[in-house]
Amino acid sequence: MEYESVLLVKPEVFIYKIPPRANNRGYRAADWNLGEPTWTGRMRLAAKGTSLNLKLEDKTTGALFANCPIDTYPGVAIESVSDSSRYFVIRVQDDNGRSAFLGLGFGDRSDSFDLNVALQDHFKWVKNQEQIEKEKTQPKQELDLGFKEGETIKINMRITKKDGSEGTSRTKAKTGTGILPPPPGGLGKIAPPPSGASTVRQSPGTSPAHRVSGNATEWTDYASAGSTPAQNQQQQQSSSNANWVQF
């Protein structure tokens, strides 16, 4: 069972008898003798399911004066005039199916604006209901989301570390280890002693003062440590002569 819902109520509207339309340009409210309305009463816009009726009723008793069924908007049942936004032309019908065109006017433009909004909202709702019913009867087309033969998919993945930074496949070289680089040319080597320099071997536990050789050349080397170059040369010559004699 469908219930009637009231979409809009205006306590005062004006009804006019209008002359026949003279041309295709539309109706003009200036031709209606606006100062003398034919009837004054209440307007009620009521919906029952998808059907809509604009009802003109007595202010006091609520008796129905005229009924205007509206099947679409804008349309023949109700249309605006060409010279004002406060006036409309409505088509009223009686129970026997007879119809007549009357002029409908509001004292304030906000009232006519409210009627426009209520009519548009109702037929927008009707359109949505028709679309819902249409989807119920038509079978839904199923989407094929499977892979076809030879079809592949590529996914780019980013691995996020616990600290929120993104990891990469490359590792950065560590710097700042504190180890100095080697000098140019490789590791440093100690230069060998000159070929002409004499060397003295020292056995463990023996000091130079207690080592005595037959030729006494080792004493000569130690004695010459504090001498001048000339004295060292003389000492070496004398040592050589001594060795020659002993030979």
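Throughout, a residue's number is its position along its own chain's written sequence, starting from 1. With pLDDT at 70 or above as the cut-off, local features in this predicted model cover only qualifying residues; side-chain atom pairs require 80 or more to be listed or tallied, and sums for whole chains, interfaces and linings still use all residues. The side-chain numbers reported here are obtained from all heavy atoms of the structure, hydrogens and water having been left aside.

S.K.: How do you make sense of the overall build of the protein chain when you look at a structure like this?
M.R.: Secondary structure summary: the protein chain contains three helices and seven strands in total. Burial classes: relative accessible area under 20% of the type maximum marks a residue as buried, over 50% as exposed, and values in between as partly exposed (1.4 Å probe, protein chains only). When burial is assessed residue by residue, the protein chain has 23% of its 247 residues classed as buried. Contact criterion: two residues are considered in contact whenever any of their non-hydrogen atoms come within 4.5 Å of each other. In the protein chain, of all internal contacts separated by at least 6 residues, the share reaching a separation of at least 24 is 50%. Of the roughly 19700 Å² of accessible surface on the protein chain, a fraction of 52% belongs to carbon and sulfur atoms. Counting from the N terminus, the helices are the DSSP runs of H or I reaching at least four residues and the strands are the DSSP runs of E reaching at least two. Note on areas: Shrake-Rupley with a 1.4 Å probe; residue coverage comes only from the protein chains shown.

S.K.: I'm lost on the pattern of salt bridges in this one. Help?
M.R.: If charged atoms from side chains of opposite charge come close, those side chains can pair. We define a salt bridge as a side-chain nitrogen of Lys or Arg found within 4 Å of a carboxyl oxygen belonging to Asp or Glu. Within this structure, the stated rule accounts for 10 salt bridges. Residues Glu79 and Arg21 are paired through a salt bridge, measuring 3.1 Å at the closest nitrogen-oxygen approach. Within this pair, whereas Glu79 is found in strand 5 (residues 78-80), its partner Arg21 is found in the loop between strand 1 (4-17) and strand 2 (39-48), the two being separated by 58 residues in sequence. Among the residues examined, Arg21 registers a relative accessible area of 36% and is labelled partly exposed.

S.K.: Sorry if this is basic, but what is going on with the packing of aromatic side chains here?
M.R.: The geometry of two aromatic rings is summed up by the distance between their centres and the angle between their planes. Paired rings are identified among Phe, Tyr and Trp, the last through its six-membered ring, by centres lying within 6.5 Å, and are further divided according to the angle between planes into stacked (under 30 degrees), edge-to-face (over 60) and tilted (the rest). Tallying each qualifying case throughout the model produces five aromatic pairs. Seen in terms of ring centroids, Tyr16 and Trp32 are 6.1 Å apart; in terms of plane orientation they differ by 35 degrees. Their pairing is tilted. Of this pair, Tyr16 sits in strand 1 while Trp32 sits in the loop between strand 1 and strand 2, and the two are 16 residues apart along the sequence. In terms of burial, Tyr16 and Trp32 fall into one category: buried. Here Phe88 and Phe106 contribute two aromatic rings whose centre-to-centre distance is 6.2 Å and whose plane-to-plane angle is 85 degrees, an arrangement assigned as edge-to-face. On the criterion of sequence distance, the pair formed by Phe88 in strand 6 (residues 87-93) and Phe106 in the loop between strand 7 (99-105) and helix 1 (109-137) is long-range, its members being 18 residues apart. An identical accessibility class is assigned to Phe88 and Phe106; each is buried.

S.K.: In this structure, what is going on with helix 1? I would like to understand it.
M.R.: Because each turn of an α-helix spans 3.6 residues, side chains separated by three or four positions end up pointing in the same direction. A rise of 1.5 Å per residue sets the reference length of helix 1, with its 29 residues, at 42 Å; its end C-alpha atoms lie 43 Å apart and thus fit the reference within 8%. When we look at burial in helix 1, the residues that qualify are Asp111, Ser112, Leu115, Ala118, Leu119, His122, Phe123 and Val126. Here the expected length of a helix is defined as 1.5 Å per residue gap, with one fewer gap than residues.

S.K.: How should a nonpolar patch on the surface be read in this particular structure?
M.R.: What makes a patch is a set of residues exposed beyond 30% relative accessible area and free of salt bridges, joined within 9 Å when like-charged and within 5 Å when nonpolar (Val, Leu, Ile, Met, Phe, Trp, Tyr). On the surface, Phe147, Ile153, Ile155 and Met157 cluster together into a nonpolar patch covering about 540 Å² of accessible area. Relative to the assigned elements, Phe147 resides in the loop between helix 1 and helix 2 (217-223). The class for Phe147 is exposed, based on a relative accessible area of 56%.

S.K.: In this structure, what is going on with the confidence of the model for the protein chain? I would like to understand it.
M.R.: The predicted structure's coordinates, where accompanied by low pLDDT, should not be read in detail. Of the residues in the protein chain, 64% have a pLDDT of 70 or more, and the chain-wide mean is 76. Values of pLDDT, ranging from 0 to 100, describe the predictor's confidence in every residue of the model. A low-confidence stretch, residues 169-175 stays under pLDDT 50, and its non-local contacts, those more than four residues away or across chains, total zero contacts. Confidence drops under pLDDT 50 across residues 197-226; counting only partners more than four residues distant or on other chains, this segment forms 25 contacts.

S.K.: Please explain the pairing of strand 4 (residues 64-70) as it appears in this structure.
M.R.: Along any regular strand, the residues point their side chains to alternate faces of the sheet. The sheet contact formed by strand 3 (residues 51-57) and strand 4 spans six bridges and is antiparallel. Bridge pairing in strand 4 places Asn53 opposite Pro69. Think of it this way: DSSP has to see at least two bridges between two strands before they count as a pair. Hairpin geometry of strand 3 and strand 4 is characterised by an intervening segment of six residues between the two adjacent antiparallel strands and by a positive phi of about 80 degrees at Gly62.

S.K.: Looking at this structure, how should I read the side chain of Ser112?
M.R.: Tracing the chain through its elements places Ser112 in helix 1. With a relative accessible area of 3%, Ser112 lands in the buried category. Between N or O atoms, a polar contact is any pair within 3.5 Å; within protein, one atom must be a potential hydrogen donor and the other a potential acceptor, and residues adjacent in sequence are included only when both atoms are from side chains. Here Ser85 takes part through its backbone oxygen, which lies 3.0 Å from a polar atom of the side chain of Ser112. Setting aside residues no more than four positions away along its own chain, Ser112 makes contact with Ser85, Arg86, Phe88 and Phe106.

S.K.: For this particular structure, what's the right way to read unusual backbone geometry?
M.R.: Peptide bonds are, in most cases, trans, and in most cases residues other than glycine have a negative phi. The peptide bond linking Tyr73 to Pro74 adopts the cis configuration, its omega dihedral lying at -10 degrees. Here Pro74 is to be found in the loop between strand 4 and strand 5. Of note, Asn33 is a non-glycine position whose phi angle comes to about 60 degrees, a positive value. The class for Asn33 is partly exposed, based on a relative accessible area of 46%.

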